[in-house]
Amino acid sequence: MNSDMWIRALKAARAGAGVSQEALAESVRWSPSTIAAIETGRRRPTPQFAEAADAALETGGLLAELLAVAARQESPTWFAPWRGIETEALSLRTSQPSLVPGLLQTEAYAHAVLRAQGTHTPEQVDQLVAARMARQELLTGPVPKQFTAVVDETALRRGR
């Protein structure tokens, strides 16, 4: 399952319930522009949004479950358990001796780092970068996490 399939599931659930984007926005207390951005893939849905949409559209938790499956598939296997922990945490801390932390990486930097590993196809790199960029919603979303990063100066200089 990928994010495109999740978007299709949301649209199908909304259409099946006969609910407009505006009505869904009012019901879940998110803006209509945010609903539109989620449905066009410009903004990644959060677990909180999926749960609210499930309640509003009476889908029995399907959207939240599908989002969790998509998140696990978009992340490297080793990272899957951390995704849930990261989402539930109130604050995040990291120490990086040689790279800018993923939550602070630009799209270009993330592409360069993941391509340099030489272990992923270009399509996989694109998916991993998209997942990494979506994770940044932890810092910019409706309830941003407190984030502390200790980064070696050489990592910052190398990233320029």
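Attention in this report is confined to the structure presented alongside it. Just so you know, these numbers come straight off a predicted model, no measurement behind them. (Residues numbered from 1 in each chain as written. Predicted model: local features only at pLDDT ≥ 70, side-chain atom pairs only at ≥ 80, totals over all residues. Heavy atoms only, no water.)

As for the overall build of the protein
What the protein contains, in helices and strands, is 10 helices and 2 strands. Reading the protein from its N terminus to its C terminus gives the helix and strand order α-α-α-α-α-α-β-α-α-α-β-α. When burial is assessed residue by residue, the protein has 38% of its 160 residues classed as buried. Considering only intrachain contacts with a sequence separation of at least 6, the fraction spanning at least 24 residues in the protein is 64%. Of the accessible surface of the protein, which amounts to about 9600 Å², a share of 54% is contributed by carbon and sulfur atoms. The centroid of the 17 positive side-chain charges in the protein is displaced by 6 Å from the centroid of its 17 negative side-chain charges. (Helix = DSSP H or I, 4+ residues; strand = E, 2+ residues; numbered from the N terminus. Buried < 20%, exposed > 50% of the residue type's maximum accessible area, 1.4 Å probe, protein only. Contact = heavy atoms within 4.5 Å. Areas by Shrake-Rupley, 256 points an atom, 1.4 Å probe, with all protein chains shown as cover. Lys, Arg positive; Asp, Glu negative; His and termini not counted. Charge placed at Lys NZ, Arg CZ, Asp CG, Glu CD.)

Observations regarding unusual backbone geometry
A positive phi angle, near 65°, is found at Arg-29, a position not held by glycine. Examined against the element boundaries, Arg-29 turns out to sit in the loop between helix H2 (21–28) and helix H3 (32–39). Despite not being glycine, Glu-58 has its phi angle at roughly 55°, a positive value. Mapping Glu-58 onto the fold places it in the loop between helix H4 (47–57) and helix H5 (62–74). Among the residues examined, Glu-58 registers a relative accessible area of 73% and is labelled exposed.

Observations concerning the environment of Ala-155
Here Ala-155 is to be found in helix H10 (residues 153–158). Given a relative accessible area of 0%, Ala-155 falls into the buried group. Residues Ala-155 and Thr-59, 96 residues apart in the sequence, show an inter-C-alpha distance of 45 Å. Excluding residues within four positions of it along the chain, Ala-155 makes contact with Ser-98, Leu-99, Val-100 and Tyr-109.

Thoughts on a nonpolar patch on the surface
There is a patch of nonpolar side chains on the surface, built from Trp-78, Trp-82 and Ile-85 and spanning about 410 Å² of accessible area. Here Trp-78 lies in the loop between H5 and helix H6 (80–88). (Patch = residues over 30% accessible without salt bridge, like charges linked within 9 Å, V, L, I, M, F, W, Y side chains within 5 Å. Salt bridge = Lys/Arg side-chain N within 4 Å of Asp/Glu carboxyl O.)

Quick notes on the packing of H2 against H3
Where H2 contacts H3, the two axes come as close as 8 Å, and the packing angle between them is 115°. Between H2 and H3, the angle falls in the class roughly perpendicular. The chirality of how H2 crosses H3 is right-handed. Residue-level inspection shows Gln-21, Leu-24, Ala-25 and Val-28 of H2 in contact with H3, the latter providing Pro-32, Ile-35, Ala-36 and Glu-39. Per-class residue counts for the contact of H2 with H3 are 6 nonpolar, 1 polar and 1 charged. (Axes fitted to C-alpha atoms, helices over the stretch in contact; angles between N-to-C directions. Parallel < 35°, antiparallel > 145°, perpendicular 65-115°, else oblique. Left-handed = near helix turned anticlockwise from the far one by under 90°. Nonpolar A, V, L, I, M, F, W, Y, C, P; charged D, E, K, R; others polar.)

Considering the packing of aromatic side chains
Tallied over the full model, the rule gives 2 aromatic pairs. Geometrically, the ring pair formed by Trp-30 and Phe-49 is edge-to-face, given 5.1 Å between the ring centres and 65° between the ring planes. In this pair, Trp-30 is assigned in the loop between H2 and H3 and Phe-49 in helix H4, connecting sequence segments 19 residues apart. A relative accessible area of 17% places Trp-30 in the buried class. When its relative accessible area of 0% is taken as the criterion, Phe-49 is described as buried. By the ring-pair criterion, three or more aromatic residues cluster together here, those being Trp-6, Trp-30 and Phe-49. (Phe/Tyr/Trp six-rings, centres within 6.5 Å; stacked < 30°, edge-to-face > 60°.)

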